[in-house]
Amino acid sequence: MTRAWVSADMASVALGSDEVADALVAAGAEVIRTGSRGLFRIEPLVEVETAEGRIGFGPVTADEVAAVLDGSHRNRLGKIEELPFFARQRRFTFARCGITDPLSLLDYEAHGGWRGLNAARLLQPQDVVAAVKDSGLRGRGGAGFPTGIKWQTALDAPGGEKFIVCNADEGDSGTFADRMLMEGDPFCLIEGMAIAAHAVGAQHGYVYIRSEYPFAIDVMQRAIALAAHIVAPFTLEVRVGAGAYVCGEETALLDSIEGKRGQVRAKPPLPAHVGLFGKPTVINNVLTLAAVPFILSEGAETYANVGFGRSRGTMPIQLAGNVLNGGLFEIGFGMTLGELVEEIGGGTETGRPVRAVQVGGPLGAYFPPAMFHLPFDYEAFTQANGLIGHAGITVFDDSVDMAHMARFAMEFCAVESCGKCTPCRIGSVRGVETIDRMLAGGRGAPDRVEALPQIRNAKGGARSVNDEEVLLRDLCATMRYGSLCALGGFTPYPVLSALDYFPADFGLERPVEAVER
Amino acid sequence: MGRNESTAVALERSVEDEVATLVARHADERGGLLPLLHAIQDALGHIPREAIPLVAEGLNLSRAEVHGVVSFYHDFRTRPAGKHVVKLCRAESCQARGGAAVEAAASARLGVAMGETRADGQVTLEPVYCIGLCAIGPNAIVNGRPVCRIDLGVLDLIAERIST
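Residues numbered from 1 in each chain as written. Chains lettered and ligands numbered in written order. Predicted model: local features only at pLDDT ≥ 70, side-chain atom pairs only at ≥ 80, totals over all residues.

Draft legend 1. Representation of the overall build of chain B. The number of helices and strands found in chain B is 7 helices and 5 strands. Principal-axis analysis of the C-alpha atoms places the extent of chain B at approximately 50 × 45 × 20 Å. Within chain B, buried positions represent 40% of all 164 residues. (Helix = DSSP H or I, 4+ residues; strand = E, 2+ residues; numbered from the N terminus. Buried ≥ 20, exposed ≤ 12 C-beta atoms within 10 Å, placed from the backbone.)

As structure tokens, then:
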């Protein structure tokens, strides 16, 4: 019987992999469902066991499986890991994704699974924390805070009961690495959480997964049940979100697990001191925790030897939007934005020129190709008034209207604001209104309240587009520095970058070169 | 008591029984309100008004706290959805692939405004902000299944599916 591998990843299923798998079974093949390899242009992808190894065919439709099984299919790709898109990667975290059966403990162990946990268990908690510090690993959710320091704080916190919380509320558009890892290699995340538990002395862990990820929820729940005896006495459970973007903010997420509205808490106290149910808590992103098994099994130095500046190790970068080679590309920090978009991504799928890329999700800046020299690095992006966030890159072609995208950023903030702080809750609504007035060419008259004789503190009269721009920039500064969390605080990034790099879209007559920030 | 009235009472009782069973199951769970609300919505399709006091009492919360949580999260409905639910992604990556035009076309093709349920109760069209299929959009979740690369042809297929 021929053995074949077909992804059951949510993206692959959307592209038709279930039908292909069914057809292969009907044709007499033994089908193993895997995660996704991470290049969606070649999916649905079938890999067939041959004398030369696993040979890939894709994209494939259900009525073509006979040609795949006899090797005559026109989309024969050869060995997947030898394709340029994969050969250039350094897969530390995603080493098994797309290759193994996500729910096979045998497969996991055969591909190096649990080696990190076993190594950690031979070490004192302090030594595990030291290894994570030495690796240079920083929070992959976006903030880039050193993971080892966070763990040290939780380890040092007094108290019997502690928690490990995995932030799997991956709400940023353009990102899907958490989802792919949970669906394609769930034991890797479980192993990372078990190592964290050993390191800080936690007894119980939660994986908070957004409800928009039904496949990941199912796979994680089953994987937790299968691995329970391995991570014991540490216990784990999945909590499902309910459609609130702001719950990706760590303190809102903790409130949500506690059964409350997902509202942001003021910090301090840090979650590592007073976290879930008031107990010391380590809260890390999926990719952060999933990077830990490698660090413990291969050594902190091996991980730290890869990278750029203070950004050590690898980052699973997600190429999204209008891009030819959309997918997951894990590589050491430091590749330039241009290499990622043009070389790896292959430019736009529509074949039109790239006009802008948004890096880091809805709160990330829009960069024009003039900024493609930026190296993929936390500090470099911060300096350029942007962020790498969760490392999603959304590509737009020259048909995009950047004023519309800036307005959307404000609108999204208004929809998703938790409401706790005013700059975010009110500022986002005012932002939409201000951009609307800019697009209408300014305003002719003061509004009714402004025209009242009692009002002395607001400028009345007509306003030009440039006047509105001044207001918008002022509003952005208030949101940036006055908001409690990154939702209100970072929404100005896409807005200001759109204003700076694409002023004409707002009706502003200013040459782009003249912009100094 | 007329026949319709007794049916209504029986229905109401079954809702209360169902909620009470679920409340009992989650009452001792730490931070069990969200799992409980998900369970109620899974069982009943929405979170009926009469469930709120039962949940509040079972979890030792005020009704205001329960209502506050129900109204905070986009997922929780206080009215039944249509027979079919189309959650269409509005986020940036789908917009980069023509999402705005697809959104307008979906509204027209399905005969329902975004965020609404069609008058005949056949379909609800809801916005969703990212389902994590960002390189193959525009995307939607139709009755729990992911659908990608939505164009006019795919919209026709969706419209066909929801007509039954």
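Next, the rest of the story.
Draft legend 2. Quick look at the domain arrangement of chain B. Segmenting chain B into domains produces domain 1 (3–72) and domain 2 (84–162). If you average the C-alpha positions of domain 1 of chain B and of domain 2 of chain B, the two centres end up 30 Å apart. (Domains from an automatic or database assignment.)

Draft legend 3. Geometry of the confidence of the model for chain B. In the predicted model, chain B carries a mean pLDDT of 93, and the fraction of residues at 70 or more is 92%. For this predicted complex, the interface confidence reaches an ipTM of 0.94, while the overall pTM sits at 0.96. (pLDDT = per-residue confidence, 0-100.)

Draft legend 4. Representation of the domain arrangement of chain A in the model. Residues and elements named next belong to chain A. Under the domain assignment, chain A is made up of domain 1 (3–87), domain 2 (105–304), domain 3 (307–397) and domain 4 (402–514). Taken residue by residue, the interface counts 9 residues in domain 2 and 8 residues in domain 4. The residue makeup of the side of domain 2 that touches domain 4, split by class, is 6 nonpolar, 2 polar and 1 charged. (Contact = placed C-beta atoms within 7 Å. Nonpolar A, V, L, I, M, F, W, Y, C, P; charged D, E, K, R; others polar.)

Draft legend 5. Representation of the packing of helix α18 (residues 422–439) of chain A against helix α19 (residues 465–482) of chain A. All names here are of chain A. Close contact between α18 and α19 brings their axes to 10 Å; oriented N to C, the two are set at 160°. By the criterion of interaxial angle, the relationship of α18 to α19 is roughly antiparallel. Here α18 and α19 pass one another in a crossing that is left-handed. Only V465, E468, E469, L471, L472, L475, T478, M479 and G482 of α19 make contact with α18, whose side of the interface consists of P423, C424, G427, R430, G431, T434, I435, R437 and M438. (Axes fitted to C-alpha atoms, helices over the stretch in contact; angles between N-to-C directions. Parallel < 35°, antiparallel > 145°, perpendicular 65-115°, else oblique. Left-handed = near helix turned anticlockwise from the far one by under 90°.)

Draft legend 6. Up close: helix α21 (residues 492–501) of chain A. All names here are of chain A. For α21, the tally of buried residues reaches 8 of 10 residues, placing the bulk of the element in the interior. Here α21 has its buried residues at P492, Y493, P494, V495, L496, S497, A498 and L499. Structurally, α21 contributes buried residues whose contacts are with β14 (354–359), β15 (366–367), α17 (402–416), α18, α19 and α20 (486–490).

Draft legend 7. Structural context of the interface of chain B and chain A. The interface is formed by 32 residues belonging to chain B together with 47 residues belonging to chain A. At the level of secondary structure, the elements contributing two or more residues to the side of chain B that touches chain A comprise α2 (33–44), α4 (63–72), α5 (92–95) and β5 (145–147) of chain B. A class-by-class count of the residues in the side of chain B that touches chain A yields 19 nonpolar, 9 polar and 4 charged.

Draft legend 8. Region of interest: the pairing of strand β8 (residues 235–240) of chain A. Residues and elements named next belong to chain A. Bridge analysis of strand β7 (residues 204–209) against β8 gives 6 bridges, and the strand direction is parallel. Residue Y208 lies in a different strand from β8, and its bridge partner there is R239. Read as a crossover between parallel neighbours, the route from β7 over helix α11 (residues 214–231) to β8 is right-handed. (Pairing = 2+ DSSP bridges. Right-handed = clockwise from strand over helix to strand, strands pointing away.)

Draft legend 9. Structural detail: the sheet that holds strand β4 (residues 53–57) of chain A. Residues and elements named next belong to chain A. An order of β2-β1-β3-β4-β5 is seen for the 5 strands of this open sheet, with the pairing classed as mixed. Taken across any chain shown, the strands that pair with only one partner, and hence form the sheet edges, are β2 (30–34) and β5 (76–78). Here the average twist between neighbouring strands, direction ignored, is 30°. Where β4 meets β5, 2 bridges bridge the pair, whose relative direction is antiparallel. Residue pairing for β5: F57 is matched across the bridge by R76. Lying over the sheet, helix α2 (residues 17–26) contacts β1 (3–7), β2 and β3 (46–50), oriented at roughly 165° with respect to β1.

Draft legend 10. Spotlight on α11 of chain A. All names here are of chain A. A rise of 1.5 Å per residue sets the reference length of α11, with its 18 residues, at 26 Å; its end C-alpha atoms lie 24 Å apart and thus fit the reference within 8%. Bending of α11 peaks at approximately 40° at the position of A225. For α11, every residue scored as buried is listed here: A216, I217, V219, M220, A223, I224, A227 and V231. Structurally, α11 contributes buried residues whose contacts are with α9 (177–184), α10 (186–200), β7 and β8. (Expected span 1.5 Å × (residues − 1). Bend = angle between axes of the 7 residues up to and from the residue.)

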